[in-house]
Amino acid sequence: MDEILKFLSVMTGDSRYEEILSDKEGVSNMCDVAQRLEDRGIEKGMKEGLSLGGNQMIYLLVEDKSISIEKGAQKLGISAEKLRANMINAGYKCPDME
């Protein structure tokens, strides 16, 4: 198992194989390796989905004027100008900045 993971790491330039190698608990075959990589992908996807979902919620609230663009920008930790640009790029209508 060690040799295969080292080989994959060198050949692909992907350090995730080395990370799996350093945490051998529960890794006894390639199916375990594949499962770990899949679990990491699912976790990353869920985090990104939550982030996107949060942005979309803010966009909708600003679009229907439930919150100001300034408040939406504050919640996302970006400038009002950046929020406006992001909304337009994502296809939302942005109330005119005053």
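Rules of the game
- Residues numbered from 1 in each chain as written.
- Predicted model: local features only at pLDDT ≥ 70, side-chain atom pairs only at ≥ 80, totals over all residues.
- Heavy atoms only, no water.
- Helix = DSSP H or I, 4+ residues; strand = E, 2+ residues; numbered from the N terminus.
- Buried < 20%, exposed > 50% of the residue type's maximum accessible area, 1.4 Å probe, protein only.
- Core = buried A, V, L, I, M, F, W, Y, C linked by side-chain atoms within 4.5 Å.
- Contact = heavy atoms within 4.5 Å.

Points about unusual backbone geometry
Part 1 of the argument: Its identity is not glycine, yet Lys 65 carries a phi of approximately 65 degrees, on the positive side.
Part 2 of the argument: For Lys 65, the location among the structural elements is in the loop between helix H3 (30-63) and helix H4 (69-76).
Part 3 of the argument: On the basis of relative accessibility, which here comes to 65%, the residue Lys 65 falls in the exposed class.

Section: the nonpolar core
Soluble, globular proteins show a tendency: their nonpolar side chains are buried together.
Part 1 of the argument: Core analysis: the largest hydrophobic core is formed by 10 residues, namely Ile 58, Tyr 59, Val 62, Ile 69, Ala 73, Ala 80, Leu 83, Met 87, Tyr 92 and Cys 94.
Part 2 of the argument: Listing elements by their share of this core, those giving two or more residues are H3, H4 and helix H5 (80-89).
Part 3 of the argument: Leaving out residues up to four positions away in the same chain, Tyr 92 has contacts with Gln 56, Tyr 59, Leu 60, Glu 63 and Met 87.
Part 4 of the argument: The next biggest cluster of nonpolar side chains, apart from the first, holds 6 residues, and it includes Leu 5, Leu 21, Val 27 and Val 33.

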